[in-house]
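Given next are the chains, with one letter for each unit.
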Amino acid sequence: MTASSKTLSWMVTVLIWAGALAGAPAFAQDYPNRPVKLVTPFPPGGGTDAVARIIAEKLTQKLQQPVVVENRAGAGGSLGTKITAAAAADGYTLVLGSAATHAVNPSLYSNVGYDPIKDFDAISPIATTPLLLLVKSALPVNSVADLIALSKQRSGNASLNYGSAGTGSAQHLGGELFKSMAGANILHVPYKGAGPAMNDLLGGHIDMVFDTMPSAMPQLKSPQLKALGVSSLTRNAQLPSIPAIAEAVPGFEMITWYGLFGPKGMPKAVVQRLNSGIKAALDDPAVQSKFLSAGISPSWSTSEAFASLVQREVVKWREVIEKSGAKID
């Protein structure tokens, strides 16, 4: 190779590297340049859907591109989550995950179709919320203690039952934890989302639900139901007249979390852009007001801290599920 050809080859290499280095920040600055799809792996009307719509509205303003919520329900939240895992890792398909989809389902289902760590980039937590214990108004109880006593009196076809957003959902796990700690006799009735379960409670077709605050609070004025307790260790500031379940069942606590995830391999600059957008959205007084009115507590951290939280939660719920023997084929 001549000196001139060596020089030309070196110049081409430099130009290629310069282009690559320039392209990374340019991509970050250009993102997003089209609508972003936010998959919600549960039907409309539930807690996940409520959080998704509140945060999507504000993210649309922060990102200056539409953030479109798409409900893809099924398999206790696993269907929409699996769809997102298989999408392009470009930041244009995201999923609002939760403790159910990213900590419980991978151990609960024999073949969930995704790995919560290997198949996703954890972008940011968004919120936490306790559950509300709601019963149909016709049930002859006015307290958690009354409910436990009634459940022990009934058996067989007369047993009390509770609905949930699906097997492995926060509502299901909250109900099972209650049964275990209170010694209550209640049967689980899984639905394809919290919305359908709530509809059947309002219709008097089931006895109770353990529902997340965002989907439960809009129904509190309904004459078709009664609120008996909240699943935090202490009473909720928004509902001070409703006792903590722990007042009747010492130590009872069930808090669920929601967070934003994307397919594994997203550009770090895009993850940071979304993380910053979530923080700005959660700092907005209008979002805080909407969350507060729905019984939701905003929750933000770096993407790295959120990834660590998910890893801890996966281990925690794997141990719980293995000990319980629960498994879905």
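Residues numbered from 1 in each chain as written. Predicted model: local features only at pLDDT ≥ 70, side-chain atom pairs only at ≥ 80, totals over all residues. Heavy atoms only, no water.

Here's the deal with the overall build of the chain
Next up, step 1: On a plain count of helices and strands, the chain comes out with 11 helices and 10 strands.
Next up, step 2: Taken over the C-alpha atoms alone, the chain extends approximately 95 × 40 × 30 Å along its principal axes.
Next up, step 3: Burial statistics for the chain: of 329 residues in total, 50% are counted as buried.
Next up, step 4: Across the chain, every contact between residues at least 6 apart in sequence was considered, and the portion connecting residues at least 24 apart equals 76%.
Next up, step 5: About 14600 Å² of surface is accessible on the chain, with carbon and sulfur atoms providing 56% of the total.
Next up, step 6: Both charge centroids of the chain, one from 27 positive and one from 22 negative side chains, sit 2 Å from each other. (Helix = DSSP H or I, 4+ residues; strand = E, 2+ residues; numbered from the N terminus. Buried < 20%, exposed > 50% of the residue type's maximum accessible area, 1.4 Å probe, protein only. Contact = heavy atoms within 4.5 Å. Areas by Shrake-Rupley, 256 points an atom, 1.4 Å probe, with all protein chains shown as cover. Lys, Arg positive; Asp, Glu negative; His and termini not counted. Charge placed at Lys NZ, Arg CZ, Asp CG, Glu CD.)

Topic: the packing of helix α2 (residues 47-63) against helix α9 (residues 268-283)
Next up, step 1: Where α2 contacts α9, the two axes come as close as 9 Å, and the packing angle between them is 115°. The handedness of the crossing between α2 and α9 is right-handed. Facing Ile55, Lys58, Leu59, Lys62 and Leu63 of α2, the residues of α9 in contact are Arg273, Leu274, Gly277, Ile278, Ala280, Ala281 and Leu282.
Next up, step 2: Considering only residue class, the contact of α2 with α9 consists of 8 nonpolar, 1 polar and 3 charged. (Axes fitted to C-alpha atoms, helices over the stretch in contact; angles between N-to-C directions. Left-handed = near helix turned anticlockwise from the far one by under 90°. Nonpolar A, V, L, I, M, F, W, Y, C, P; charged D, E, K, R; others polar.)

Digging into the environment of Trp257
Next up, step 1: With respect to the helices, strands and loops of the structure, Trp257 is situated in strand β9 (residues 255-263).
Next up, step 2: Judged by relative accessible area, which is 8%, Trp257 ranks as buried.
Next up, step 3: Sequence separation between Trp257 and Ile126 is 131 residues; the distance between their C-alpha atoms is 7.7 Å.
Next up, step 4: Excluding residues within four positions of it along the chain, Trp257 makes contact with Gly97, Ser98, Ala99, His102, Ala103, Ala127, Thr128, Phe306, Val310 and Glu313.

Some points on the pattern of salt bridges
Next up, step 1: Summed over the entire model, instances satisfying the criterion amount to 12 salt bridges.
Next up, step 2: Here Lys37 makes a salt bridge to Glu70, at a shortest N to O gap of 4.0 Å. A residue pair is termed long-range when its members are at least 10 positions apart, and Lys37 in strand β1 (residues 36-40) and Glu70 in strand β2 (residues 67-71) qualify at 33 residues.
Next up, step 3: Lys37 sits in the partly exposed class, given a relative accessible area of 28%.
Next up, step 4: Judged by relative accessible area, which is 26%, Glu70 ranks as partly exposed.
Next up, step 5: In this structure, the salt-bridge partner of Lys279 is Asp283, at a minimum N-O distance of 3.1 Å. Here the residue Lys279 and the residue Asp283 both occupy positions in helix α9, the gap between them amounting to 4 residues, near one helical turn.
Next up, step 6: Taken together, the salt bridges that share partners define one network made up of Lys37, Glu70 and Arg72. (Salt bridge = Lys/Arg side-chain N within 4 Å of Asp/Glu carboxyl O.)

Focus: the packing of aromatic side chains
Next up, step 1: According to the stated counting rule, one finds 8 aromatic pairs in the structure shown.
Next up, step 2: A centroid spacing of 5.1 Å and a plane angle of 65° characterise the contact between Tyr31 and Tyr92, whose relative ring orientation is edge-to-face. Taken together, the residues Tyr31 in the loop between α1 (3-30) and β1 and Tyr92 in the loop between α3 (78-85) and β3 (93-98) connect sequence positions 61 residues apart. Grouping residues by exposure puts Tyr31 and Tyr92 together as buried.
Next up, step 3: Ring centres 5.8 Å apart and planes at 85° place the aromatic pair Trp257 and Phe306 in the edge-to-face group. Taken as a pair, Trp257 in strand β9 and Phe306 in helix α11 (residues 303-324) lie far apart in primary sequence, 49 residues in all.
Next up, step 4: Residue Phe306 is classed as buried on the basis of its relative accessible area of 1%.
Next up, step 5: Three or more aromatic residues link up through ring pairs in this structure, and these residues are Tyr114, Phe120, Trp257, Phe261 and Phe306.
Next up, step 6: Against the face of Tyr92 rests Arg34, its NZ or CZ located 3.6 Å from the ring centre. (Phe/Tyr/Trp six-rings, centres within 6.5 Å; stacked < 30°, edge-to-face > 60°. Lys NZ or Arg CZ within 6 Å of the ring centre and 35° of its normal.)

As for the confidence of the model for the chain
Next up, step 1: In this model, the chain carries an average pLDDT of 89, and 91% of its residues clear a pLDDT of 70 or more.
Next up, step 2: Mean pLDDT in the chain bottoms out at α1, which sits at 49, and peaks at β1, which reaches 98.
Next up, step 3: The low-confidence segment residues 10-26, where pLDDT is below 50, has 0 contacts with residues more than four positions distant or belonging to other chains. (pLDDT = per-residue confidence, 0-100.)

Points about the nonpolar core
Next up, step 1: Core analysis: the biggest nonpolar cluster contains 43 residues, and Leu147, Phe178, Met208 and Phe210 have the highest contact counts within it.
Next up, step 2: Among the elements of the structure, α4 (99-108), β4 (120-136), α5 (144-153), β5 (160-164), α6 (170-182), β7 (208-212), β9 and α11 are those that each provide at least two residues to this core.
Next up, step 3: When neighbours within four sequence positions are excluded, Leu147 is seen to be in contact with Leu133, Val135, Leu139, Val141, Leu160, Phe178, Met208 and Leu228.
Next up, step 4: Grouped together as the second largest cluster of nonpolar side chains are 31 residues, Tyr92, Leu260, Met266 and Val270 included. (Core = buried A, V, L, I, M, F, W, Y, C linked by side-chain atoms within 4.5 Å.)

Things to note about unusual backbone geometry
Next up, step 1: Residue Pro32 is bonded to the preceding Tyr31 through a cis peptide linkage, with omega at -10°.
Next up, step 2: Considering the arrangement of structural elements, one finds Pro32 in the loop between α1 and β1.
Next up, step 3: Non-glycine residue Gln64 carries a positive phi angle of around 60°.
Next up, step 4: Looking at the secondary structure, you find Gln64 in the loop between α2 and β2.
Next up, step 5: Positive phi, close to 55°, is recorded for Ala75, a residue that is not glycine.
Next up, step 6: Inspection of the secondary structure assignment puts Ala75 in the loop between β2 and α3.

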